[in-house]
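One letter stands for each residue in the lines below.
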Amino acid sequence: FFITSKVDSLFHQRIKAVKLRWTQAWRRMNKKGKVDESAKKRTRKAAKFQKAIVGMSLDDIKKKKAMKPELRQQAKETAAKEAKARQTKTKAAPKAKSGAAVAK
């Protein structure tokens, strides 16, 4: 069944053809030969682009990106203060209502 006794011997020793440098299998695995196809395949680089998010338009996003980091930090802090003030205001209102209900 085998071409040569050498190949027969290697098969019965369970030595794979891919591991032997002189075989076609090894040459295929290690990309030897085929000199004409030396140019590598080119891959396309994905183009970057921006899309609007649900809460913001694209113009708003670009404006935020263009802002200086210090200004952005300041705007963030003011927004946080406003949010905190609103939260304390809403917490204070239910307590006053519940207190009025208990007084009756």
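Caption draft 1: Structural detail: the overall build of the chain. Check the secondary structure of the chain and you find four helices and zero strands. Mapped from its N terminus to its C terminus, the chain presents α and β elements in the order α-α-α-α. Residues counted as buried form 5% of the 104 residues belonging to the chain. By sequence separation, contacts in the chain at least 24 residues apart represent 0% of the contacts at least 6 residues apart. Of the roughly 11000 Å² of accessible surface on the chain, 58% is carried by carbon and sulfur atoms.

Caption draft 2: Seen up close, the packing of aromatic side chains. Within this structure, the stated rule accounts for one aromatic pair. The positively charged end of Lys6 is found above the aromatic ring belonging to Trp22, 4.2 Å away from the centroid.

Caption draft 3: Geometry of the environment of Arg72. Of note, Arg72 is situated in helix 4 (residues 69–103). Take Arg72: its relative accessible area is 37%, and that puts it in the partly exposed class.

Caption draft 4: Geometry of the environment of Lys62. As for its position among the elements, Lys62 is in helix 3 (residues 58–66). With a relative accessible area of 47%, Lys62 lands in the partly exposed category. Taking the C-alpha atoms as reference points, Lys62 and Ala52, separated by 10 residues in sequence, lie 9.9 Å from one another.

Caption draft 5: Structural view of unusual backbone geometry. You will see that Arg14, though not glycine, has its phi angle at about 60°, which is positive. Tracing the backbone shows Arg14 in the loop between helix 1 (5–12) and helix 2 (24–29). Residue classification places Arg14 among the exposed positions, given a relative accessible area of 77%. For Lys31, which is not a glycine, the phi torsion comes out positive at approximately 55°.

Caption draft 6: Representation of the environment of Val7. The topology assignment puts Val7 in helix 1. Judged by relative accessible area, Val7 falls into the partly exposed class, the value being 31%. Separated by 10 residues in sequence, Val7 and Ala17 place their C-alpha atoms 8.9 Å apart.

Caption draft 7: The arrangement of a nonpolar patch on the surface in detail. Together, Phe1, Phe2, Val7, Phe11 and Trp22 line one region of the surface with nonpolar side chains, adding up to about 650 Å² of accessible area. Residue position: Trp22 is located in the loop between helix 1 and helix 2. Taking relative accessible area as the criterion, Trp22 reaches 49% and is therefore assigned partly exposed.

What counts and how
Residues numbered from 1 in each chain as written. Predicted model: local features only at pLDDT ≥ 70, side-chain atom pairs only at ≥ 80, totals over all residues. Heavy atoms only, no water. Helix = DSSP H or I, 4+ residues; strand = E, 2+ residues; numbered from the N terminus. Buried < 20%, exposed > 50% of the residue type's maximum accessible area, 1.4 Å probe, protein only. Contact = heavy atoms within 4.5 Å. Areas by Shrake-Rupley, 256 points an atom, 1.4 Å probe, with all protein chains shown as cover. Phe/Tyr/Trp six-rings, centres within 6.5 Å; stacked < 30°, edge-to-face > 60°. Lys NZ or Arg CZ within 6 Å of the ring centre and 35° of its normal. Patch = residues over 30% accessible without salt bridge, like charges linked within 9 Å, V, L, I, M, F, W, Y side chains within 5 Å. Salt bridge = Lys/Arg side-chain N within 4 Å of Asp/Glu carboxyl O.

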